[in-house]
Every structure is written in C-alpha cells, then in structure tokens.
Amino acid sequence: MEDLHAVEAWPGSPFPLGARWDGEGTNFALWSTTATAVSVCLFDAAGVETVVPLTDTTYHVWHGYLPGVAPGRRYGFRVDGPFDPARGLFHNPAKLLVDPYARAFDGDFVDDPSVYPGTKADSAACVPRSVIVHDTFPWGDDVRPNVPWDDTVIYELHVRGFTRLHPGIPDELRGTYAGLAHPAVIEHLTSLGVTAVELMPVHQFVSEPHLQRRGARNYWGYNSLGFFAPHAGYAATGTADAQNAVGEFKAMVRALHRAGIEVILDVVYNHTAEGGTDGPSLSFRGIDNGSYYRLDEADPSRYVDYTGCGNTFDPRRPFPLQLITDSLRYWITEMHVDGFRFDLASALARSLHDVDKLSSFFDTIHQDPVISQVKLIAEPWDVGAGGYQVGEFPPLWTEWNGRYRDTIRSFWADGASDGVRDLAYRLSGSSDLYGDDGRLPIASINFVTAHDGFTMRDLVSYERKHNKANGEANRDGTDDNRSYNCGAEGDPAPPGVAALRLRQVRNLLSTLLLSTGAPMLVAGDEMWRTQHGNNNAYVQDNETSWVDWTGGPEADDVLALTRRLLELRRNHPVLRQSAFFEGRAVPDGDGCKDLAWFTARGTELTDADWFDSGRRLIGMYLDGRRLRHRSRRGEPVIDESFLLVLNSGDDDRLFVLPGPPWADAYLPVVDTTAAAGVPVPGAEQAAGSPLPVPGRSVHLLRVRRGEPRGPAH
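Source: prediction; values computed, not measured.

Between helix α7 (residues 318-333) and helix α9 (residues 360-367), the least distance of the axes is 11 Å, while the angle of their chain directions is 30 degrees. The handedness of the crossing between α7 and α9 comes out as right-handed. Taken together, the residues of α9 that come into contact with α7 (itself represented by L321, I324, T325 and L328) are S360, F361, T364 and I365. Of the residues belonging to the contact of α7 with α9, the class tally is 5 nonpolar, 3 polar and no charged.

Put into structure tokens, the structure is as follows:
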C-alpha cells in the first residue's frame, strides 16, 4: 500500500489523458483551458483524501506522475479557477470531479446541495470515485465475427432487463454482464438467428436529480457520466472491486464472439449527466464548461439544448471531439466491441446550428483507421429545429430508419392514407432515402419497435400510452404511437380480439423480417412481451421492463415464427439484398423484372394505383434468378423467387396470382392466419388462380416454374 501522506507529483506527461499506470506509478493528465489550478485527490480504503497539486501544464493539460500509486486506487480532481456563471464559468475547488477518461467508477452520485456549483460545501461524499485500472484480460483466440451488413440481424437489449428473470441463469449472475454471457442466453440468441446484440447504454451513468428526489432511478441509462467505463451496476461483483467490471465486460464480449455474435453499443455522447444550468457539477462543468458544452452565444450562462436533457456536448472543439474518438477507439481496441449506435446523432453533427454532413465530427470519424472499420449506426435526429435527418447521413453510416417504423406501423394500424407508394419504398430498402449518395439498402436499419415506445405486443393492444407509474401524470412518452388495439384497450381481451392481436404481431414480424435492409428486433418481442401500455419505461427497473421468460401459447407461437422468418432470410439472399432492386427485366427472365408490384387482379400497379389512398392489398414479386448481390468470392448469386402479399384491410379478399412469365405455380411458405405462420399443407396453387387473402394477413409464396407438382410435402 502506497503512503498517501507523503505524495508529491513528479512532472509526468500531458498524454495520454486520464490516469495511466506504467507498472511503477500512475500518470495523471487533465485538459482545461480555463483552470488556474488542478489537484488530483487520492482516497485510501477508509475514504481519507490526499490532495496532490498538479503544477505542470502543457498545451492546457495539467499533469503529474505519482510513484507507487497503483491500480485500484480511487481518485478524483479538484479544479480551481474563475467562478462566473454569467460567462459560463463554474470552477469551484470544493467540488470533487470525476475523470472524463476514467476506466472504472466506485460509488454513485447522490443528489445533495453540496454537488451544485455555487455552494461552498465539499461534494466528495456524494460523487463517484474514479478508479485506476490496469487490466490484462486473456483474450486468447478472440476473433471479431465481422458479419457483413446484408447478413446482419440486430437484437436490441438491456443488459439488466434481458437476464434479470432468466430461469436458467444463477441468481447471482442475473442482470449482469456475466449473465448475458451465460450459455442459456447465448443459446437463445443463436437459435433465434440474430447476429448482433445492440446493448442499451453501458457507459457509466447516474440517475437524474429529479428522479432521485421522487425515489426513482434511471433504468435505461441515457445519462452518461463516464465515456470509458462499463457501468459498474451491471457487474456481478458490483463495486466490491470496481476493476472487475472491465474484465467481466470483456469476458461477455469474448463469449458472444465465440458464438458468432457481434456486440454493438448504444452510446450517448450528445449530452452528459450534468444536465442544464440548474444541474450538478460532477465533471465537465467544473473542468472547462465552455469548451465541453455548447453555450448560447448571446448568453453564455445558458446551454444550447438540442437533446432535451439540459445540455449538448460540443464536438466542434478539438479536445471534446478527441475525447469522443478516444472513447470509441478504447471500446474497439481494448474492449473488442464491433460497432456503435449513436444516440441523437444529429446533435453531434451540428456546426453552427444546422446538421452538417461536412462537420468535423463526420470528417474525424471517416478518416480514423480504427473507428471507420466498425459498424456505425446513427439515430438520425435530435430535438432541435432541423434535427430530423433520416436519409441524410453520409456514406459509411447506417441509420435507424424512422420512416420505416412509421410507415409499417401506419399500414397495419389504419392503412396507408397516402397509398402504398411509401410502403413499397420501405419494403424494398428505402431507395428514396439511401439510393442517391452511394449508400445501399443495408444503410436502412429497419425496425418497428425499439426500447423507446410500445413493445410489439402493446402496439396491437393499446391505442393510448399508460405511463402513470412513471410518476409524471402520464405526460411523458410520445402520443404518436400509430398503434391499433384490435377493438379493446389492454388486457384481458375478448377471444376474437386476442386472436387478432396475435395475427397482427405475426404480420408486423413478417413484414419486418422479409423487408430489404438490416432488421432490428427488440428483446422480448419474439416472446410476446408486454409493458402494459407503458411507452416510456425509462424508470421501470422491475417486471414492467424485464423480459419475461415464462413462455405460454402466444409466446411459443411468436418465437417459432421469428425463428422461421430469420431462417428464411438467412437462406435466401433475395430477401436480404445488398444492392437496390432496379425494377428492370432480369437476364433470361422472359420479361420478368427483378422487382414488381401487383394489384389484387394480378396486374402490375399503374401510376394511379400507387396513389390510391384506399389500397390495403398489395403483392411484391422478388426475382432471385440473377441477383446483383454477389457471393464473398465474387460469383453471381442465384436464388429462388418469391411473392409477398400483404392485406392490412379488415375484409377478406381474393388475390389473383400472377401468371407466366412470372410463375407457373406458387407454394405457400408463410401464412400469418395460421399458428406460427405455418401454412396448412396442401397442393401448389396454379398461377392465375385466386388466392384467398383474409383481412389482416401476410402471405409469402415461393415461385415455381414448370408444371404443377401436385400435393406439397
């Protein structure tokens, strides 16, 4: 144990930033352009603090080397300088500040008067400690799966909520990184057919003051405090040994990689846990407020808020941008993650005010030899004016396609009020959004549900949000749900309503997983999960949000269908095209196009048909004989052809199956009116004959050319 009562800093080095142990001691470095003095504060096992001034500065980096200070040591910073809120300056040495580059944390933030910047009280008792980390994890033969985008199926999950109730996981591992690495969980993921897990925030986060004051906590985690540290609350060891969270996270990644599953992190760089002008001083605010955050040019005492969370992080400036890229590289190189989903990404790409494709954020990411090689997903909006940028991010980026979500929900809820033109774009890869800038259908992350909003079951069971349990008088959460309760609000429901709801979930899943683009499922949707109408369960760390693994008839049905659909997608490249369809004749196709759209009469849609606001039935023909998609070795890919028929209307219809040259016969593959979507075995249906299409149903048929074969087996 080092002697904390006789510590004096050597000059040390300005880089790397943060705390770095070299085997004999630790170098500390903190960047601030406005500080007049910086001290590192070391805490012993009893919590006794030793303050060590860092007297050397280089390029606004305050630095010092402390011999003998080893991994596991808790520490923080105190920063002195001008305190002038009117100018956006909040230096106060009474505030213990966490290291922006900390690799681990011990303790939690406690809302207390002492943490606010204008008070003279010492905040150390209410602020997490940063922890020095030196991890020599045995990665062994870990290999990144490097799943191509056109093979990718994303599964969004919450580390704690996904495993908290899993009966096959030991109690002490439930809700943890180790629980997510458990064989029972990995078996579910691999049998389902997903290729990547997208983890809701795992950067160290804290609960907002207003939640603490009413006895609630932030469950989702979109309130980051540290961009380098895995959230300690998800470690099986808790904070008993804060360094263990790092090793446990790495072990989870290694286990998922061995199963061929990529790990994508949902990262929140757009704002921090310090909130607005009335928020606590925990890190950046007390270090260099005006550099790390966007301030109102006319009134620097106020923050520019494009996030709805009180502040906006400012990557226009070199060091804040460096912090983001250093964080990304750390998670890639040290933690072996495979990609990132950027929360409210538009806020990061704003220059003066507008979202800018040529911003320093994009330029830096694109030229970085490490970051540019992993999966990059944008949530292409923020809450500011002009922030909705679906389809506008530059090449290299994929996007959560909010247009896809809204269109598919509307089609199955109340029909396509503007016709089926928008639906056709969404089903075929959204070429209207991604086809004009060099991107491909894989730029579209297709989703119907996400953590934010109704679950898929609730989407067909509620027309209104039911968020009173959140403690905000049902004011929180969106009112634009585009949902359809099938005739009754919530559960229990009459048998007819319950049956229709199950069919509607089959319809939504079939539409999602048979669309071109990269699909994203939300954990539990494949098992009939409900949040009882809560569409903003960010404070519900309980059974409302936790995935229910108990099963049941409906859960078994939906799970079986999801597995079948993902197997179909995996086996048929025509259902996961890496290039856009062209609507042109295929070679040796006797006039058949690679993509064609049909009316109930079995004829191709005319220009007028596309804008028929009452159209609720449409057929989509996909020709797999000469795909533009090529194999990894460069050979042409040849697949079967399919006809997808969707009827979102309430009335049963007849759909005339297109005849030659499109097909001679059709074999049913998916029928959402049947249990688990499995068609009743029967004979192939001849082209030109009418296919009964009940209201609210999806049918996928395999095209066959040649004489009908008789009964199918």
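Moving on to the environment of W546. Mapping W546 onto the fold places it in the loop between β23 (518-522) and α15 (553-571). Residue W546 is classed as buried on the basis of its relative accessible area of 9%. Sequence separation of W546 and R529 is 17 residues, and the distance between their C-alpha atoms is 9.0 Å. Apart from residues lying up to four places away in sequence, W546 is in contact with R160, G161, R164, L165, Y219, R529 and D541.

An α-helical turn contains 3.6 residues, so any two residues separated by three or four positions project in the same direction. For α15, which comprises 19 residues, the first-to-last C-alpha distance of 27 Å matches the rise-based estimate of 27 Å (1.5 Å per residue) to within 8%. Along α15, the positions that sit buried rather than exposed are A555, D557, V558, L559, L561, T562, L565, L566, L568 and R569. Taken together, the buried residues of α15 touch α3 (183-192), α14 (495-513), β23, β28 (665-671) and β31 (697-704).

Turning our eyes to something else, we now look at the pattern of salt bridges. One pass over the full model with this rule turns up 43 salt bridges. Ionic pairing is found between D141 and R258, a salt bridge with its closest N-O pair at 3.8 Å. A residue pair is termed long-range when its members are at least 10 positions apart, and D141 in the loop between β11 (129-131) and β12 (154-157) and R258 in helix α5 (residues 244-258) qualify at 117 residues. A relative accessible area of 59% places R258 in the exposed class. When the shortest N-O distance is used, the salt bridge between D422 and R403 registers 3.1 Å. On the criterion of sequence distance, the pair formed by D422 in helix α11 (residues 421-427) and R403 in helix α10 (residues 402-414) is long-range, its members being 19 residues apart. Judged by its relative accessible area of 31%, R403 is partly exposed. Here the salt bridges share partners, and the residues they tie into one network are D266, R341, D343 and E379.

The strands making up a sheet associate through backbone hydrogen bonding, with each pair oriented either parallel or antiparallel. Ordered by their spatial adjacency, 6 strands build an open sheet running β24-β25-β26-β31-β28-β29, and the pairing between neighbours is antiparallel. Both outer strands of the open sheet, β24 (595-598) and β29 (685-686), are each paired with one neighbouring strand and no more. Sheet topology note: the β28/β31 ladder contains 6 bridges and is antiparallel. Residue pairing across strands places Y666 opposite V703, the latter belonging to β31. Its contacts with the sheet place α15 against β28 and β31, and it is angled at close to 135 degrees to β28.

Turning next to the sheet that holds strand β1 (residues 18-21). Here 4 strands make up an open sheet; going across it, the order is β1-β2-β6-β5 and the pairing antiparallel. Two strands close off the open sheet at either side, each with one partner strand: β1 and β5 (56-58). Averaged over all adjacent pairs, the angle separating strand axes in this sheet is 25 degrees, with direction ignored. Summarising the sheet, β1 and strand β2 (residues 25-31) pair through 4 bridges and their orientation is antiparallel. Note that in β2 the partner of R20 across the bridge is N27.

For the structure on display, the rule yields 2 cavities of 30 Å³ or more. Quantified by volume, the largest cavity comes out at close to 140 Å³. At the level of secondary structure, the elements contributing two or more residues to the lining of the largest cavity comprise β12 and α1 (159-163). Looking at side-chain class alone, the lining of the largest cavity contains 8 nonpolar, 5 polar and 2 charged residues. Along its surface, the second largest cavity is lined by R409, W412, A413, L459, V460, R482, S483, Y484, Q504 and L508. Looking at the lining of the second largest cavity, the elements that each hand over two or more residues are α10 and α14. In terms of residue class, the lining of the second largest cavity is made up of 6 nonpolar, 2 polar and 2 charged.

Most of strand β15 (residues 224-230) is tucked away: 7 of the 7 residues are buried. As judged from the 3 bridges shared by strand β14 (residues 203-205) and β15, these two strands associate in the antiparallel manner. Its bridge partner being in β15, H203 is matched across the sheet by P230.

What follows deals with the packing of aromatic side chains. Applying the stated criterion across every chain yields a total of 43 aromatic pairs. Over the ring of F43 we find R129, and its NZ or CZ is 4.0 Å from the ring centre. When the ring centre of W149 is taken as origin, the NZ or CZ atom of K375, which lies over that ring, is 5.0 Å away.

The space that makes up the largest pocket amounts to roughly 1400 Å³. Those elements that provide at least two residues to the lining of the largest pocket are α4 (209-213) and α10. Considered class by class, the residues forming the lining of the largest pocket number 14 nonpolar, 18 polar and 14 charged.

Turning our eyes to something else, we now look at the packing of α3 against α15. Two elements in contact, α3 and α15, have axes separated by 8 Å at closest approach and are oriented at 55 degrees. With respect to α15, the element α3 is oriented oblique. Seen from α3, the contacting residues are H188, S191 and L192; seen from α15, they are L559, T562, R563 and L566.

Procedures and definitions
Residues numbered from 1 in each chain as written. Predicted model: local features only at pLDDT ≥ 70, side-chain atom pairs only at ≥ 80, totals over all residues. Heavy atoms only, no water. Axes fitted to C-alpha atoms, helices over the stretch in contact; angles between N-to-C directions. Helix = DSSP H or I, 4+ residues; strand = E, 2+ residues; numbered from the N terminus. Left-handed = near helix turned anticlockwise from the far one by under 90°. Contact = heavy atoms within 4.5 Å. Nonpolar A, V, L, I, M, F, W, Y, C, P; charged D, E, K, R; others polar. Buried < 20%, exposed > 50% of the residue type's maximum accessible area, 1.4 Å probe, protein only. Expected span 1.5 Å × (residues − 1). Salt bridge = Lys/Arg side-chain N within 4 Å of Asp/Glu carboxyl O. Pairing = 2+ DSSP bridges. 1 Å grid on protein atoms, 1.4 Å probe; cavity = no way out; pocket = protein on both sides within 12 Å on 5 of 7 lines; lining within 4 Å. Points joined across faces, edges and corners; volume = space filled by probe spheres on them. Phe/Tyr/Trp six-rings, centres within 6.5 Å; stacked < 30°, edge-to-face > 60°. Lys NZ or Arg CZ within 6 Å of the ring centre and 35° of its normal. Parallel < 35°, antiparallel > 145°, perpendicular 65-115°, else oblique.

What is shown is where atoms sit, not what they do.
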